[in-house]
Amino acid sequence: MKRKKKILLIATGGTIASHKGSEGLIPEISAQELLKCVPEILEFCDVEAVQPYNIDSTNVTPKHWIMLAKTIQENYDEFDGFVVCHGTDTMSYTASMLSYLVQRSPKPIVLTGSQQPIDKEDTDGRINLRDSFLYATSENASDVVIVFQGKIIVGTRAKKVRTKSFNAFSSVDFPYLGVIRDGKIIQYIVPPKSEAPQFYTQINEKVGLLTLTPGVKGEILDAYFRVNDAVVLSGYGTGGIPEGEYYGFYDVIKRWEKKGKTLVVTTQVQNEGSDMNVYRVGRGLKNTFDLLESYTMTYESIITKLMWILAITHEDQEVKELFYKTVNYDLIG
């Protein structure tokens, strides 16, 4: 008889674990209570559970990410896979961060959650949790993914695109690894498996994101650089950044570049990525400064990747090499 795979449930709160109180939804359901809501999971795998914290994912901090990575590292040899129950609002950030803190994991690390509490009659939580354990037991599963509404999404490509609908997550500029229908996994892409993961447990929190709007001037960017080691500047279209004295971005960037700060330019447009060489407003900036361009990376992957990199090094060439090194499909094309 084939041995059941052993999966660790890591419960962290979120809508899936919430009860409705007088002030709104509050995470109160324990890991064991979550499992009792989906008893069929125990038919195809053995499960143990831990609960490092129980919060609304809006309150997630980098310290929670480190706690998650350490929980996985401490239990890695004992289990065949991991399912992380998480709130949907920052799930994409956590999936990206875990992709950098636990790299090339041959064992699956599956994040899931729901748009409705698991104890509601019309919840999506029970299906999402069952599907996540099903995928965590698959021979083709590895690395960090989100399983939600039957979609298997690479951890660095996921983005929450709907606030209330069950179909909450999409994969940006990358196909789904597969789908789950009627309890069956249809795998489109099988990620390569490494022999062992590489763990990291340090994060540099000093990374800021400034999204441009018409009229935002250089002193705002200056303030961002003052409190951060890296700034992600989100421009227009293919990565256009305003020119001229009215905005004053060039003077600010020049001053902080000399002080060793890192600048990444991205685009506010969700799909198809940046290409700063198309227009002068992008090319001029790129040719003037030694900046990094995000191309098709998501906001979530850019920010968390910089947090990982800047905990390792601040040397310009090393930062550049690590930024452009593909991790869990974060850079494509």
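Let me sum up the structure you'll find in this document. (Residues numbered from 1 in each chain as written. Predicted model: local features only at pLDDT ≥ 70, side-chain atom pairs only at ≥ 80, totals over all residues. Heavy atoms only, no water.)

Attention shifts here to the overall build of the protein chain. Looking only at helices and strands, one finds 9 helices and 18 strands in the protein chain. The globule rule puts the C-alpha radius of gyration for 333 residues at 20 Å, and the 21 Å found for the protein chain is close to it. C-alpha extents for the protein chain along the principal axes are approximately 70 × 50 × 30 Å. Here the protein chain holds 333 residues, and 55% of them are scored as buried. Taking as baseline every contact in the protein chain between residues at least 6 positions apart, the subset at least 24 positions apart corresponds to 72%. Within the structure as shown, the protein chain displays about 14,900 Å² of accessible surface, and the carbon and sulfur contribution to it stands at 49%. The averaged location of the 41 negative side-chain charges in the protein chain is 2 Å from the averaged location of its 37 positive side-chain charges. (Helix = DSSP H or I, 4+ residues; strand = E, 2+ residues; numbered from the N terminus. Rg over C-alpha atoms; globule rule 2.2 N^0.38 Å. Buried < 20%, exposed > 50% of the residue type's maximum accessible area, 1.4 Å probe, protein only. Contact = heavy atoms within 4.5 Å. Areas by Shrake-Rupley, 256 points an atom, 1.4 Å probe, with all protein chains shown as cover. Lys, Arg positive; Asp, Glu negative; His and termini not counted. Charge placed at Lys NZ, Arg CZ, Asp CG, Glu CD.)

Take a nonpolar patch on the surface next. A contiguous nonpolar surface patch, about 270 Å² in accessible area, is contributed by Val278, Tyr279 and Val281. Inspection of the secondary structure puts Tyr279 in the loop between strand 17 (262-267) and helix 7 (280-288). (Patch = residues over 30% accessible without salt bridge, like charges linked within 9 Å, V, L, I, M, F, W, Y side chains within 5 Å. Salt bridge = Lys/Arg side-chain N within 4 Å of Asp/Glu carboxyl O.)

Overall, mixed pairing links the 8 strands, which are arranged 4-1-5-7-8-9-12-13 in an open sheet. The open sheet terminates on both sides in strands that have one partner only, identified here as strand 4 (45-50) and strand 13 (184-187). Each neighbouring strand pair of the sheet contributes to a mean axis angle of 25°, computed without reference to strand direction. In this sheet, strand 5 (residues 81-85) lies alongside strand 1 (residues 5-11) in parallel orientation, the contact comprising 5 bridges. When the sheet's bridge partners are listed, Ala11 is paired in strand 5 with Cys85. The strands touched by helix 3 (residues 91-101) are strand 7 (109-112) and strand 8 (144-148); relative to strand 8, the strand with the most contacts, the crossing angle is about 155°. Here helix 4 (residues 125-136) sits on the sheet in contact with strand 1, strand 4, strand 5, strand 7, strand 8, strand 9 (151-154), strand 12 (178-181) and strand 13, set at roughly 170° to strand 7. (Pairing = 2+ DSSP bridges. Axes fitted to C-alpha atoms, helices over the stretch in contact; angles between N-to-C directions.)

This part covers the nonpolar core. In terms of nonpolar packing, the biggest core is built from 50 residues, with Ile109, Leu111 and Ile146 touching the most fellow members. Beyond its immediate chain neighbours, meaning those up to four positions away, Ile146 contacts Met91, Ser92, Ala95, Leu111, Lys151, Ile152, Ile153, Ala158 and Phe169. Counting residues in each nonpolar core, the second largest holds 30 residues, with Ile7, Val83, Ala141 and Val145 among its members. (Core = buried A, V, L, I, M, F, W, Y, C linked by side-chain atoms within 4.5 Å.)

With respect to the helices and strands, Thr123 occurs in the loop between strand 7 and helix 4. Note on Thr123: relative accessible area 9%, which makes it buried. In terms of polar contacts, Thr123 uses its side chain to reach the backbone carbonyl oxygen of Gln116, at 2.9 Å. Once you skip the residues sitting within four places of it in the chain, Thr123 turns out to touch Ser114, Gln116, Pro117, Ile118 and Phe166. (Polar contact = N/O pair within 3.5 Å; in protein donor to acceptor, adjacent residues only side chain to side chain.)

In this section: the pattern of salt bridges. Applying the stated criterion across every chain yields a total of 13 salt bridges. The residue Glu293 makes a salt bridge to Lys286 at a minimum N-O spacing of 2.5 Å. For Lys286, a relative accessible area of 23% corresponds to the partly exposed category. It is possible to trace a salt-bridge network through shared partners that takes in Lys6, Glu48 and Glu78.

Moving on to helix 9 (residues 316-323). Within helix 9, burial applies to Val319, Leu322 and Phe323. One side of helix 9 carries all its buried residues, which in axial view fall inside an arc of 100°. At its buried positions, helix 9 is contacted by strand 17, strand 18 (292-293) and helix 8 (299-309). At the N-terminal boundary of helix 9, the capping side chain belongs to Glu315, with an oxygen 3.1 Å from the backbone nitrogen of Gln317. (Arc of directions from axis to C-beta.)

Their axes nearest at 10 Å, the elements helix 8 and helix 9 cross at an angle of 135°. On the basis of the axis angle, helix 8 is oblique to helix 9. In terms of crossing hand, the pair formed by helix 8 and helix 9 is right-handed. Judged by residue contacts, Ile302, Lys305, Leu306, Trp308 and Ile309 of helix 8 engage Val319, Leu322 and Phe323 from helix 9. Per-class residue counts for the contact of helix 8 with helix 9 are 7 nonpolar, no polar and 1 charged. (Parallel < 35°, antiparallel > 145°, perpendicular 65-115°, else oblique. Left-handed = near helix turned anticlockwise from the far one by under 90°. Nonpolar A, V, L, I, M, F, W, Y, C, P; charged D, E, K, R; others polar.)

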